[in-house]
Amino acid sequence: MRRALRSSAAALATISALLLAACGGDSGTENVFGAGGWPGMHADARNSDTSAVTGSRSLDFAWSRPIGGPTPTRATVAANGQIFLTSQTEQGCNLSSFQMDSGRKRFCNGIGPGAATGAPVVDAAANVYVGEEGAMSSFNEYGQLRWRTPVTGTPQSAQFTGDGNLLFVTQLGQINVLDPQTGFKVLPSYDLIPPASYTQGVNVAPIPNGQGLDACFDGTSACPVANSPAIDLDNGRFVLTFWRPGAEQADLVAMWYRGGNDARIDTDWSTTILEDGAGSAPVLSADGRTVYTGDNAGQLWAVDAATGETKWSYDLGYRPLGSPSVSADGLIIPAGGEEGYLLALQDRGDGAESVWERGDLAQVGAAAQTAGSTGYTTVRDGDDGVALLTFDTATGETLDQDALPGATGFTAGTSIGPDGEVLTPTLIGELFVLQ
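Per an unreviewed UniProt entry, the recorded name for the protein chain is Cell surface protein, and the organism is Rhodococcus spongiicola.

Next comes the structure, spelled out in structure tokens:
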């Protein structure tokens, strides 16, 4: 009888464990960047805006969907092709998911305001992580809430660390590292801007979690941290832009994340170079030795990742509305801007060399590079229309150009799907997919 009871208890325990595992789901973070798709705002941990997929040189328009509000960030694509997108909607849902093949809506969730300042990040199991005012939340592929963790401020686009945790910085400068399975903090929050002391707090009103969000797109002083960090997965160094309170211009800052039982965050270096701030995220080179970042004065900077010393700067002649795409061999394609055009630069160590320029093309988005020397970006088509341009990254030659029906203005940037699909949302709120 006791043996039977023990066997029954063991069976119940096993069933319970299996049910809990099924409900929780494997986060899949151990292989998130090798799983394919476009897992985060800038595709990978180093913010490279590149894909290992061999891109098609002849695309066709597949479908488009209105999102319901302005869409200032790129589309995120899971390895299974599921699309995730945030938008600035005054009512209704602001986290949407679509099927790649048909454009059918998978789910549409209404989460807190501020979600559109950062793109969702998705793991290999298609769990999605997205910030809102005062919290970071995770949903499964069906849109069901997995967990919600309160934080100070609004998280910008998150990144996965080398040990599989979720790291993000809010616009108010709070750094958090969470366990993606539970949402629990791996270590205490780290505040780049020290909070009020206990005695000061009695007479100081709490800072609203949404303060300065409107300034994040431009990266001005009202939004201290406006972009997603770039992370070196091998050593834990991560780099971000930071406008300190009262400073005349913004800094490029490097920090360390140390995992394990003694998990902690430390400061590495800081350099004040970003004139007028930065509306674009920093990018790490493939070897982790160089950080590339642009400022609002039109300068593209290359900085030594180990020391923070400037290697070179290059005057683009316009303010880029996004971060550059940087290939593994150092080919840099800056984002477009109000007066921006399509060009490519090569990092020569002590300076940037112009490889080619297409002054005839007004670039109205941010490019993505793929294998096979193929790149994609959006360009002005006629007076105010928009087209998706397919080009040879080695020469700048136009390979294909497809008008985006009804699109106007600027786009948020280009993303690449697991089978070479190309996605771009317009800032006014419509998603276009070409295959």
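There is more to say, and it comes next.
A. Representation of empty space enclosed by the protein. Applying the stated rule across the entire model yields four cavities of 30 Å³ or more. Along the wall of the largest cavity there are 13 residues; nearest its centre are Gly 40, Met 41, Asp 44, Ala 158 and Gln 159. Grouping the constituent residues of the lining of the largest cavity by class yields six nonpolar, six polar and one charged. Looking at the second largest cavity, its volume works out to about 40 Å³.

B. Up close: the sheet that holds strand 13 (residues 174-178). Strand order in the open sheet formed by four strands is 11-12-13-14, and the pairing between neighbours is antiparallel. The sheet is open, and its two borders are formed by strand 11 (159-160) and strand 14 (190-191), each paired with just one other strand. Pairing of strand 11 with strand 12 (residues 166-169) involves two bridges; the strand directions are antiparallel. Bridge pairing in strand 12 places Gln 159 opposite Leu 167.

C. Summary view of the UniProt feature "domain: Pyrrolo-quinoline quinone repeat" (unreviewed entry) in the protein chain. Those residues carrying the UniProt feature "domain: Pyrrolo-quinoline quinone repeat" (unreviewed entry) are residues 269-413 in this numbering. Secondary structure over residues 269-413 splits into 0% helix and 54% strand, and the C-alpha atoms at its two ends are 30 Å apart.

D. Main features of the packing of aromatic side chains. Tallying each qualifying case throughout the model produces eight aromatic pairs. Where Phe 84 meets Phe 107, the ring centres are 6.2 Å apart and the plane angle is 50 degrees; that geometry is what we call tilted. Of this pair, Phe 84 sits in strand 4 (residues 83-86) while Phe 107 sits in strand 6 (residues 105-109), and the two are 23 residues apart along the sequence. Like Phe 107, Phe 84 is buried. What links up through ring pairs into an aromatic cluster is the set Tyr 129, Trp 147 and Phe 160.

E. Up close: the nonpolar core. By size, the foremost hydrophobic cluster in this structure holds 26 residues, and its most contacted members are Ile 83, Leu 388, Leu 404, Leu 423, Leu 431 and Val 433. Among the elements of the structure, strand 4, strand 29 (385-392), strand 30 (398-408), strand 32 (422-426) and strand 33 (430-434) are those that each provide at least two residues to this core. At four residues, the largest contribution of residues to this core is made by strand 33. Beyond its immediate sequence surroundings of up to four residues, Val 433 is in contact with Phe 61, Ala 62, Trp 63, Ile 83, Met 100, Val 422 and Leu 423.

F. Broad picture of the environment of Phe 33. When you line up the elements, Phe 33 lands in the loop between helix 1 (2-24) and strand 1 (50-54). In sequence terms Phe 33 and Asp 123 are 90 residues apart; their C-alpha atoms lie 8.2 Å from each other. Setting aside residues up to four positions removed in sequence, Phe 33 forms contacts with Pro 39, Ala 43, Asp 44, Ala 45, Gln 159, Phe 160 and Leu 233.

G. Seen up close, unusual backbone geometry. Even without glycine at this site, Ala 43 takes up a positive phi of about 85 degrees. The residue Ala 43 is located in the loop between helix 1 and strand 1 in this model. Not every positive phi belongs to a glycine, and Ala 126 is a case in point at roughly 70 degrees. Counting through the fold element by element, Ala 126 comes out in the loop between strand 7 (121-122) and strand 8 (128-132). Taking the relative accessible area as the measure of exposure, Ala 126 reaches 3% and is therefore buried.

H. A look at the state of the cysteines. Counted by the stated rule, this structure contains two disulfides. The disulfide partner of Cys 93 is Cys 108, and the S-S distance across this bridge is 1.4 Å. When the S-S torsion is 60 degrees, as for the bridge of Cys 93 with Cys 108, the disulfide is right-handed. Within this pair, whereas Cys 93 is found in the loop between strand 4 and strand 5 (95-98), its partner Cys 108 is found in strand 6, the two being separated by 15 residues in sequence. Linked covalently through their sulfurs, Cys 216 and Cys 223 form a disulfide whose S-S length is 2.1 Å. Between Cys 216 and Cys 223 the disulfide shows an S-S torsion of about 85 degrees. By sign, it is right-handed. Of the residues examined, Cys 223 reaches a relative accessible area of 1% and is grouped as buried. Disulfides within the protein chain link the bonded cysteines, taken in sequence order, as 1-2, 3-4.

I. Geometry of the confidence of the model for the protein chain. On average, residues of the protein chain score 91 in pLDDT, and 91% of them reach the 70 mark or higher. Note on residues 1-25: pLDDT under 50 across the span, and four contacts to partners over four residues away in sequence or across chains.

J. The pairing of strand 18 (residues 264-274), seen in detail. Of the strand pairs in this sheet, strand 17 (residues 250-258) and strand 18 are connected by nine bridges, and their pairing is antiparallel. Each residue of the ladder has a partner; that of Leu 252, found in strand 18, is Thr 271. Between strand 17 and strand 18, which pair antiparallel in sequence order, lie five residues; one of them, Gly 260, sits at a positive phi of approximately 90 degrees.

K. How the structure looks around the pairing of strand 30. Bridge count for strand 29 against strand 30 is six bridges, and the pairing is antiparallel. Looking at strand 30, one finds that Leu 389 is bridged to Gln 401. The turn joining strand 29 and strand 30, which pair antiparallel and follow one another in sequence, is formed by five residues; a positive phi near 85 degrees is taken by Gly 396.

L. Representation of the pattern of salt bridges. One pass over the structure, following the stated rule, counts twelve salt bridges. Across the salt bridge formed by Asp 268 and Arg 237, the nearest N and O atoms sit 2.9 Å from each other. In this pair, Asp 268 sits in strand 18 while Arg 237 sits in strand 16 (residues 237-242), placing the two residues 31 residues apart along the sequence. Shared partners join several salt bridges into a network, and the residues in it are Arg 258, Asp 262, Arg 264 and Asp 266.

What counts and how
- Residues numbered from 1 in each chain as written.
- Predicted model: local features only at pLDDT ≥ 70, side-chain atom pairs only at ≥ 80, totals over all residues.
- Heavy atoms only, no water.
- 1 Å grid on protein atoms, 1.4 Å probe; cavity = no way out; pocket = protein on both sides within 12 Å on 5 of 7 lines; lining within 4 Å.
- Points joined across faces, edges and corners; volume = space filled by probe spheres on them.
- Nonpolar A, V, L, I, M, F, W, Y, C, P; charged D, E, K, R; others polar.
- Pairing = 2+ DSSP bridges.
- Helix = DSSP H or I, 4+ residues; strand = E, 2+ residues; numbered from the N terminus.
- UniProt positions renumbered as here; feature names shortened; annotations may be inferred.
- Phe/Tyr/Trp six-rings, centres within 6.5 Å; stacked < 30°, edge-to-face > 60°.
- Buried < 20%, exposed > 50% of the residue type's maximum accessible area, 1.4 Å probe, protein only.
- Core = buried A, V, L, I, M, F, W, Y, C linked by side-chain atoms within 4.5 Å.
- Contact = heavy atoms within 4.5 Å.
- Disulfide = S-S within 2.5 Å.
- pLDDT = per-residue confidence, 0-100.
- Salt bridge = Lys/Arg side-chain N within 4 Å of Asp/Glu carboxyl O.

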